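Here's the letter readout for the chains.
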Amino acid sequence: MVSVENHIGKITVSEKYLTELVKHTVTGCFGVADVCSVNTFHSVLSAVTGGKAGNKNKGVHIHTAKDGGLIIDLHIKVTYGTNISAAVNSIIHKVSFTVEEAAGTDVHKVNVYVDGMNY
């Protein structure tokens, strides 16, 4: 849960909503093929359980910084031929803007890990 308090009152946003918002935003960016699983343990667990466990935040990890802002970790696959540096910079700016607009909280950092490439 992410809580934001201002002069109007307190707003609470669920982690599930933020995760889905970030996934939707990232998959809409140019050059992104997919959002990857965070690690192989969760991939194996998800395959064994039919996707019911271990895959709840596939490739997106959101946590709160000490001063209240958000830190977002993304694991993605890019399409072959994509300028990775340009794609990553675009993802960072788009995710930061979208989350700040939707949730009303600051995004301090977006870490993008390119875990693979689709041909």
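The structure this text deals with has already been given above.
Only a predicted model underlies this, so the values are computations on that prediction, with no experimental measurement involved.

Criteria and thresholds
Residues numbered from 1 in each chain as written. Predicted model: local features only at pLDDT ≥ 70, side-chain atom pairs only at ≥ 80, totals over all residues. Heavy atoms only, no water. Axes fitted to C-alpha atoms, helices over the stretch in contact; angles between N-to-C directions. Helix = DSSP H or I, 4+ residues; strand = E, 2+ residues; numbered from the N terminus. Left-handed = near helix turned anticlockwise from the far one by under 90°. Contact = heavy atoms within 4.5 Å. Nonpolar A, V, L, I, M, F, W, Y, C, P; charged D, E, K, R; others polar. Phe/Tyr/Trp six-rings, centres within 6.5 Å; stacked < 30°, edge-to-face > 60°. Buried < 20%, exposed > 50% of the residue type's maximum accessible area, 1.4 Å probe, protein only. Core = buried A, V, L, I, M, F, W, Y, C linked by side-chain atoms within 4.5 Å.

1. Re the packing of helix 1 (residues 15–27) against helix 3 (residues 84–103)
For step 1, the next point in the chain: In contact at an axis separation of 10 Å, helix 1 and helix 3 are set at 140° when each is read in the N-to-C sense. Helix 1 and helix 3 meet at a crossing whose hand is right-handed. Note on element contacts: helix 3 touches helix 1 through Ile91, Lys94, Val95, Thr98, Val99, Ala102 and Ala103, opposite Tyr17, Leu18, Leu21, Val22, Thr25 and Val26.
For step 2, the next point in the chain: Each residue belonging to the contact of helix 1 with helix 3 can be placed in one class, and the counts come to 10 nonpolar, 2 polar and 1 charged.

2. Re the packing of aromatic side chains
For step 1, the next point in the chain: Summed over all chains, the structure comprises 1 aromatic pair.
For step 2, the next point in the chain: Judged by centre distance (5.7 Å) and plane angle (40°), the rings of tyrosine 80 and tyrosine 119 are tilted. Here tyrosine 119 lies in the segment after strand 6 (107–118) and tyrosine 80 lies in the loop between strand 5 (70–79) and helix 3, a separation of 39 residues in the sequence.
For step 3, the next point in the chain: Under the relative-accessibility criterion, tyrosine 80 is labelled exposed at 60%.

3. Regarding the nonpolar core
For step 1, the next point in the chain: Counting residues in each nonpolar core, the largest one holds 24 residues, and the members touching the most others are Val22, Val26, Ile72, Leu74, Ile91, Val95 and Val99.
For step 2, the next point in the chain: Contributing elements (two or more residues each) for this core: helix 1, strand 3 (32–35), strand 4 (60–64), strand 5, helix 3 and strand 6.
For step 3, the next point in the chain: Excluding its chain neighbours within four sequence positions, the residues that come into contact with isoleucine 72 are Val22, His61, Ile62, Val95, Val99, Val107, Lys109, Val110 and Asn111.

4. Considerations on the environment of isoleucine 71
For step 1, the next point in the chain: Counting through the fold element by element, isoleucine 71 comes out in strand 5.
For step 2, the next point in the chain: Expressed as a C-alpha distance, the spacing of isoleucine 71 and valine 107, which sit 36 residues apart in the sequence, is 6.2 Å.

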